[in-house]
Amino acid sequence: MRKPRDYDAELKALEDKARELKTRKVQQLGELVIATGADNLTADELAGALIVLAETADAGKREAWAKRGAAFFQGRTRRSASTPDREHGGTQTQPGGTQPASGGTGAT
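Residues numbered from 1 in each chain as written. Predicted model: local features only at pLDDT ≥ 70, side-chain atom pairs only at ≥ 80, totals over all residues. Heavy atoms only, no water.

What's the story with helix 3 (residues 59-74) in this structure? I'm lost.
Its 16 residues place the ends of helix 3 22 Å apart at the C-alpha level, agreeing with the 22 Å of an ideal helix rising 1.5 Å per residue. Between the side-chain oxygen at the start of helix 3 and the backbone nitrogen of G60 there is a gap of 2.9 Å, and the oxygen is on D58. One or two steps after helix 3, the chain reaches G75, where phi turns positive at roughly 90 degrees. (Helix = DSSP H or I, 4+ residues; strand = E, 2+ residues; numbered from the N terminus. Expected span 1.5 Å × (residues − 1). Polar contact = N/O pair within 3.5 Å; in protein donor to acceptor, adjacent residues only side chain to side chain.)

Encoded structure:
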């Protein structure tokens with residue numbers, strides 16, 4: 001005869017695993033914010049920028065951001081990504097900054 005399953009213990013183990021994964025995700029997102037230098041932004045600025053990013057449906061912009069992020073993780077732009085972009089308005093990393101740049105390009 002088979003041993004009956006302990007559904008309560010299995011459910012608790014799954015809940016513990018889900019909690020652990022959520023905690024790890026939050027920690028990694030915090031580390032990402034710090035690594036990119038975005039921890040210098042206020043919470044309102046960071047939230048606003050993330051909302052704009054999440055709402056962006058332009059595939060071209062998303063692809064450019066993905067390439068930039070991949071380069072950051074490969075270490076090519078890790079040291080130069082935070083300082084020069086902030087000094088030049090952050091046109092590549094901040095969606096609000098890209099609008100004037102494209103408007104300026106069209107006017108030229």
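Let's pick the thread back up.
Sorry if this is basic, but what is going on with the side chain of T56 here?
Locating T56 in the fold gives a position in the loop between helix 2 (43-55) and helix 3. You can call T56 buried: its relative accessible area is 13%. Apart from the residues within four sequence positions on either side, T56 is in contact with K61, R62 and W65. (Buried < 20%, exposed > 50% of the residue type's maximum accessible area, 1.4 Å probe, protein only. Contact = heavy atoms within 4.5 Å.)

Explain the packing of aromatic side chains here, please?
The geometry of an aromatic ring pair is captured by the separation of the ring centres together with the interplanar angle, meaning the angle of the planes. Tallied over the full model, the rule gives one aromatic pair. Arranged with centres 5.5 Å apart and planes meeting at 75 degrees, the rings of F72 and F73 form a pair that is edge-to-face. The class for F72 is buried, based on a relative accessible area of 8%. Given the relative accessible area of 56%, F73 is considered exposed. (Phe/Tyr/Trp six-rings, centres within 6.5 Å; stacked < 30°, edge-to-face > 60°.)

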